[in-house]
Amino acid sequence: MSSTIPVTTHKKEEFINMTPRIQKEINVQGVQNGLCHLFIPHTTAAVTINENADPDVITDILHGLSTMVPNQGFKHREGNSPAHIRSSLFGVSLNVPIHNGELKLGIWQGVYFCEFDGPRDRQMWISLFPF
Amino acid sequence: MSSTIPVTTHKKEEFINMTPRIQKEINVQGVQNGLCHLFIPHTTAAVTINENADPDVITDILHGLSTMVPNQGFKHREGNSPAHIRSSLFGVSLNVPIHNGELKLGIWQGVYFCEFDGPRDRQMWISLFPF
Amino acid sequence: MSSTIPVTTHKKEEFINMTPRIQKEINVQGVQNGLCHLFIPHTTAAVTINENADPDVITDILHGLSTMVPNQGFKHREGNSPAHIRSSLFGVSLNVPIHNGELKLGIWQGVYFCEFDGPRDRQMWISLFPF
């Protein structure tokens, strides 16, 4: 009941809508009702749920994070400490209900892979727990 | 094992203690031990756990968020980008253990619906997973 | 399938790597595949996943949080409102997959207990859900 979705990012910071790929996995495994657990095995990326309609919202989220966590005063030599902080702020683990074979999201919600230190080859892990 | 709790908010920003309503749902469904999954199907609201004793803590959390995410430099025309950011910072998904028929929280903890762009009619979705 | 890990913190702010203690619990309970749910029953602490290699990353995360949430303008008399805010920002609930008897983390990831208002005697609660 576990699988891996590869994610290729193309920018330093980028949100990728994963909803269709997660739904496809639910279809393949044939789960009707239960819980979908999403996990990001990286320390400079995250998973979040936010608006799937106006792309300006994602732009604004990235802008907001850049003002909240400026890159100054850090020790880590790789220079990507703000990406590590953003990863912990948004989190790498998320659960979404599955209802009647569908990922049950609110009407304006999409599930996003959050790249904070790309571009890189990344993964999202999915585990499905039927009732 | 899934249900919806309607939540009516009355202010622009407001935290509503959901603990009694979640406990009532556990009682109705008769789950003794397992996991309670809470999900907010909105993009300008969230769910969090924090202090249930001194209401000043919630006031301070809202004040802290207002200084962390000021409403400036955003593109989204609805003008509520800070609410979208707060939603992703606090998150829309949360799990709490159920033990001996009770939502197992720490002594000072309460579960809060976080309204960041109200007043609105909102929902909290609950799924219970017995062991 | 539930247990409590005691955690003693020694500083005002400190991250403690819990990965070995969580793995030990999985070994004791003999779970091969499923979900590990971690829960922090405190309102000025949290749980997060971040880098387990360079300790400067943790130092930088604490530094970043201190600049994001300065201790000013708060009402709560205990004076620890920033710790309450950090608790909700990072969260008190986290799920990690279990695969072949092992806590399945990314190669650079560790699970951290986050103390934001120590030193104190704390707890991490663990619940294991086999597939």
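For the structure given in this document, a descriptive report is provided here.

Reading the values: rules and limits
Residues numbered from 1 in each chain as written. Chains lettered and ligands numbered in written order. Predicted model: local features only at pLDDT ≥ 70, side-chain atom pairs only at ≥ 80, totals over all residues. Heavy atoms only, no water. Helix = DSSP H or I, 4+ residues; strand = E, 2+ residues; numbered from the N terminus. Buried < 20%, exposed > 50% of the residue type's maximum accessible area, 1.4 Å probe, protein only. Contact = heavy atoms within 4.5 Å. Polar contact = N/O pair within 3.5 Å; in protein donor to acceptor, adjacent residues only side chain to side chain. Least-squares fit on C-alpha atoms with pLDDT ≥ 70 in both. Pairing = 2+ DSSP bridges. Buried area = accessible area lost by both parts, 1.4 Å probe. Salt bridge = Lys/Arg side-chain N within 4 Å of Asp/Glu carboxyl O. Phe/Tyr/Trp six-rings, centres within 6.5 Å; stacked < 30°, edge-to-face > 60°. Lys NZ or Arg CZ within 6 Å of the ring centre and 35° of its normal. Nonpolar A, V, L, I, M, F, W, Y, C, P; charged D, E, K, R; others polar. Core = buried A, V, L, I, M, F, W, Y, C linked by side-chain atoms within 4.5 Å.

**Looking at the environment of serine 3 of chain B**
All names here are of chain B.
Next up, step 1: Structurally, the position occupied by serine 3 is in strand β1 (residues 2-8).
Next up, step 2: Relative accessible area serves as the criterion here: at 16%, serine 3 is assigned to the buried category.
Next up, step 3: Discounting residues that sit within four places of it in the chain, serine 3 has contacts with Glu25, Gln29, Met124, Trp125 and Ile126.
Next up, step 4: Within the local environment of serine 3, its side chain forms a polar contact with the side chain of glutamate 25, the two groups lying 2.9 Å apart.

**Quick word on the relation of the copies chain B and chain C**
Next up, step 1: Relative to chain C, chain B is turned by 120° and slid 0.0 Å along the rotation axis, the superposed coordinates differing by an RMSD of 0.0 Å. Taken together, these values place the two copies in the relation of a three-fold axis.
Next up, step 2: An overlap of only 14% is found between the interface residues of chain B and their copies at the interface of chain C, pointing to separate contact surfaces.

**A short note on the sheet that holds strand β3 (residues 34-39) of chain C**
Strand pairing within a sheet occurs via backbone hydrogen bonds; the two strands may be parallel or antiparallel.
All names here are of chain C.
Next up, step 1: The five strands lie next to each other as β1-β8-β3-β5-β6, forming an open sheet whose pairing is antiparallel. Each having just a single partner strand, β1 (2-8) and β6 (102-103) make up the two edges of the open sheet.
Next up, step 2: Where strand β5 (residues 93-99) and β6 come together, two bridges link them in antiparallel fashion. Its bridge partner lying in β6, isoleucine 98 is registered against leucine 103.

**Topic: the interface of chain A and chain C**
It is common to give the size of an interface as the accessible area lost on bringing the parts into contact.
Next up, step 1: Taken together, the contact between chain A and chain C spans 29 residues of the former and 29 residues of the latter.
Next up, step 2: Contact with chain C buries area across many residues of chain A, yet Ser88, Trp125 and Phe129 of chain A alone supply 22% of it, more than any other trio.
Next up, step 3: The interface formed by chain A and chain C holds zero salt bridges in total.
Next up, step 4: At the surface where chain A touches chain C, the tally comes to twelve residue pairs in polar contact (both at pLDDT 80 or more).
Next up, step 5: At six residues, helix α3 (residues 81-90) of chain A tops the list of elements feeding residues into the side of chain A that touches chain C.

**What about the packing of aromatic side chains?**
Two descriptors summarise a pair of aromatic rings, namely the distance from one centre to the other and the angle between the planes of the rings.
Next up, step 1: Counted under the stated rule, the structure contains 18 aromatic pairs over all chains.
Next up, step 2: The interplanar angle of 25° and the centroid separation of 5.7 Å between the aromatic rings of phenylalanine 39 of chain A and tryptophan 125 of chain A together place this pair among those described as stacked. Of this pair, phenylalanine 39 of chain A sits in strand β3 (residues 34-39) while tryptophan 125 of chain A sits in strand β8 (residues 121-130), placing them 86 residues apart in sequence.
Next up, step 3: Residue class for phenylalanine 39 of chain A comes out buried when judged on its relative accessible area of 0%.
Next up, step 4: We classify tryptophan 125 of chain A as buried; its relative accessible area is 10%.
Next up, step 5: Judged by centre distance (6.2 Å) and plane angle (40°), the rings of phenylalanine 15 of chain C and tyrosine 112 of chain C are tilted. Of this pair, phenylalanine 15 of chain C sits in strand β2 (residues 14-17) while tyrosine 112 of chain C is found in strand β7 (residues 109-115), placing the two residues 97 residues apart along the sequence. The residues phenylalanine 15 of chain C and tyrosine 112 of chain C share a single accessibility class, namely buried.
Next up, step 6: Following the ring pairs from residue to residue traces out a cluster consisting of Phe15, Phe90, Tyr112 and Phe116 of chain A.
Next up, step 7: Just above the ring of tryptophan 125 of chain C sits the side chain of lysine 104 of chain B; from NZ or CZ to the centre is 4.2 Å.

**Quick notes on the interface of chain B and chain C**
Next up, step 1: Taken together, the contacts link 29 residues of chain B with 29 residues of chain C.
Next up, step 2: It is Asp60, Met68 and Phe131 of chain B in chain B that bury the most area against chain C; as a group they hold 24% of the surface buried on that side.
Next up, step 3: At the junction of chain B and chain C, the tally comes to zero salt bridges.
Next up, step 4: Connecting chain B to chain C are twelve residue pairs in polar contact (both at pLDDT 80 or more).
Next up, step 5: Of all the secondary structure elements, the ones that give two or more residues to the side of chain B that touches chain C are β3 (34-39), β4 (45-51), α2 (56-68), α3 (81-90) and β5 (93-99) of chain B.
Next up, step 6: The biggest single contributor to the side of chain B that touches chain C is α2 of chain B, with nine residues.
Next up, step 7: Each residue belonging to the side of chain B that touches chain C can be placed in one class, and the counts come to 15 nonpolar, nine polar and five charged.

**Remarks on the nonpolar core**
Next up, step 1: Judged by nonpolar contacts, the single largest core of 78 residues is most densely connected at Ile22 of chain A, Ile22 and Leu38 of chain B together with Ile22 of chain C.
Next up, step 2: Beyond its immediate chain neighbours, meaning those up to four positions away, isoleucine 22 of chain A contacts Ile5, Cys36, Leu38, Leu103, Val111, Met124 and Ile126 of chain A.

**Looking at helix α3 (residues 81-90) of chain C**
Spacing of three or four residues puts side chains on the same side of an α-helix, whose turn is 3.6 residues.
All names here are of chain C.
Next up, step 1: Taken across its ten residues, α3 has ten buried, putting it largely inside the fold.
Next up, step 2: Of the residues making up α3, those classed as buried are Ser81, Pro82, Ala83, His84, Ile85, Arg86, Ser87, Ser88, Leu89 and Phe90.
Next up, step 3: In the segment just after α3, glycine 91 is the residue with positive phi, at about 95°.

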